Amino acid sequence: MYSTFIIRLRGTSKRGLPSAGSDLRYVAFMEYAAGGNLGSISNHFRDEQRDVPEPFLWVLFRNLLRALSTMEQCHL
């Protein structure tokens, strides 16, 4: 199943050695997204000391709802 609103998971990995006292962490390997991630977008506007534009937030919200709807319809 492919959707333009959902980035594909390519694989996972466990990192760290609990026996050595470090936390066990899980890493997800995702499909490349040319626009970056929400963290990098948020950091960009914070560094520029600007608010994220409201139209962008509405597009983001709409696309999140489309992704959730796709996941529900396909039982993902």
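See above for the structure.
So, here is what we can say about the structure in this document. Since the model is a prediction, treat every value here as computed from it, not as a measurement.

Section: the overall build of the protein chain
Each helix and strand counted, the protein chain has two helices and two strands in total. Going from the N terminus to the C terminus, the protein chain shows its helices and strands as β-β-α-α. For the protein chain, the proportion of its 76 residues judged to be buried stands at 5%. Element-wise, carbon and sulfur atoms account for 57% of the exposed surface of the protein chain, whose accessible area totals about 6,700 Å².

A look at helix α1 (residues 38-47)
Its side-chain oxygen at 2.9 Å from the backbone nitrogen of Gly39, Asn37 defines the N-terminal cap of α1. One or two residues past the end of α1 sits Gln49, with phi positive at roughly 55 degrees.

Let's talk about the environment of Gly16
Within the element layout of this structure, Gly16 appears in the loop between β1 (9-15) and β2 (25-30). Judged by relative accessible area, which is 38%, Gly16 ranks as partly exposed. In the structure, Gly16 is positioned 10 residues away from Tyr26 in sequence and 8.8 Å away in space, judged by C-alpha atoms.

Describing the pattern of salt bridges
All chains considered together, the criterion is met by two salt bridges. Across the salt bridge formed by Arg46 and Asp47, the nearest N and O atoms sit 3.8 Å from each other.

Basis of the calculations
Residues numbered from 1 in each chain as written. Predicted model: local features only at pLDDT ≥ 70, side-chain atom pairs only at ≥ 80, totals over all residues. Heavy atoms only, no water. Helix = DSSP H or I, 4+ residues; strand = E, 2+ residues; numbered from the N terminus. Buried < 20%, exposed > 50% of the residue type's maximum accessible area, 1.4 Å probe, protein only. Areas by Shrake-Rupley, 256 points an atom, 1.4 Å probe, with all protein chains shown as cover. Polar contact = N/O pair within 3.5 Å; in protein donor to acceptor, adjacent residues only side chain to side chain. Salt bridge = Lys/Arg side-chain N within 4 Å of Asp/Glu carboxyl O.

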